[in-house]
Amino acid sequence: MLQIAATELEKEESRREAEKQNYLSEHCPTLSIPGPMAEVQELCKQLHSKIDAAEEEKYDMEVKLQKSTKELEDMNQKLFDLRGKFKRPPLRRVRMSADAMLKALLGSKHKVCMDLRANLKQVKKEDTEKERDLRDVGDWRKNIEEKSGMEGRKKMFESES
């Protein structure tokens, strides 16, 4: 069976080679050298000079293309800046306590309590004289209402003297 497969592969290779030769003979004419070696060298020099000119033109076009592409990218960037950047997606509110967040991050193995209020000390506020004076004065709006009008002005003059 392997011998049959090997013979089939050899036949296929030879068939492909024959097809290749037929294709080349049809599409590529045989090279005809016009004359002595000097003329062939001159023909090669002319062809190389044409190739060099074509390569220079190709290089110039590539440079122009790169420059245009760069300008286009800069203009697109300015357009985005003027338009207001990009739309930001609306963020969803996550309702999770600090304990639940730590449990999710650290796993159930770690026992961490984030009850910060339990760790705070209670401090009693001392009453100072300034605070007492402020409380005694009361609401400033009441004082203004009392002083408004003629009666209020009369009271103000009476209290000063």
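Above this text you will find the structure in question.
About the cut-offs
- Think of each chain on its own: its residues are numbered from 1, step by step along the sequence as written.
- Restriction of local features to residues with pLDDT of at least 70 applies here, the model being predicted, together with a cutoff of 80 or more for giving and counting side-chain atom pairs; totals for whole chains, interfaces and linings are based on all residues.
- Based on all heavy atoms of the structure, the side-chain values leave hydrogens and waters out of the count.
- A run of DSSP states H or I qualifies as a helix once it reaches four residues; a run of E qualifies as a strand once it reaches two. Both are numbered from the N-terminal end.
- With a 1.4 Å probe rolled over the protein chains alone, any residue whose accessible area is under 20% of its type maximum counts as buried; one over 50% counts as exposed, and the rest are partly exposed.
- One less than the residue count of a helix, multiplied by 1.5 Å, gives the span that helix is expected to have.
- Between Lys or Arg on one side and Asp or Glu on the other, a salt bridge is scored when a side-chain nitrogen of the former is within 4 Å of a carboxyl oxygen of the latter.
- Candidate patch residues must exceed 30% relative accessible area and have no salt bridge, after which like charges are joined if within 9 Å and Val, Leu, Ile, Met, Phe, Trp or Tyr side chains if within 5 Å.
- Each accessible area value is a Shrake-Rupley result obtained with a 1.4 Å probe; residue values ignore everything except the protein chains displayed when judging cover.
- A positive count includes Lys and Arg, and a negative count includes Asp and Glu. His and the chain ends are not counted in either.
- The location of each charge is read from NZ of Lys, CZ of Arg, CG of Asp or CD of Glu.

### Quick word on the overall build of the protein
For step 1, the next point in the chain: When its secondary structure is counted, the protein shows 6 helices and 0 strands.
For step 2, the next point in the chain: Beginning at the N terminus, the succession of helices and strands in the protein can be written as α-α-α-α-α-α.
For step 3, the next point in the chain: The proportion of buried residues among the 161 residues of the protein is 1%.

### As for helix α2 (residues 37–83)
For step 1, the next point in the chain: Here α2 is 47 residues long and its end C-alpha atoms lie 68 Å apart, about the 69 Å a rise of 1.5 Å per residue gives.
For step 2, the next point in the chain: Trailing α2 by a residue or two, Gly84 shows a phi angle of about 105°, which is positive.

### As for the pattern of salt bridges
For step 1, the next point in the chain: Counted according to the given criterion, the structure contains 3 salt bridges.
For step 2, the next point in the chain: The partner of Arg16 in a salt bridge is Glu12, with the nearest N and O atoms 2.9 Å apart. Here Arg16 and its partner Glu12 are both found in helix α1 (residues 2–27), 4 residues apart, which amounts to about one turn of the helix.
For step 3, the next point in the chain: Taking the relative accessible area as the measure of exposure, Arg16 reaches 52% and is therefore exposed.
For step 4, the next point in the chain: With a shortest N-O distance of 4.0 Å, Lys70 and Asp74 are connected by a salt bridge. Note that Lys70 and Asp74 are positioned in helix α2 at a spacing of 4 residues, about one turn of the helix.
For step 5, the next point in the chain: Residue class for Asp74 comes out partly exposed when judged on its relative accessible area of 36%.

### Some words on a nonpolar patch on the surface
For step 1, the next point in the chain: Together, Val94, Met96, Met101, Leu105 and Leu106 line one region of the surface with nonpolar side chains, adding up to about 520 Å² of accessible area.
For step 2, the next point in the chain: Its location among the elements puts Leu106 in helix α3 (residues 98–106).
For step 3, the next point in the chain: Overall, Leu106 belongs to the partly exposed group, its relative accessible area being 42%.

### Some details on a negative patch on the surface
For step 1, the next point in the chain: On the surface, a cluster of negative charge is contributed by Asp52, Glu55, Glu56, Glu57, Asp60 and Glu62.
For step 2, the next point in the chain: Of note, Glu57 is situated in helix α2.
For step 3, the next point in the chain: For Glu57, a relative accessible area of 53% corresponds to the exposed category.

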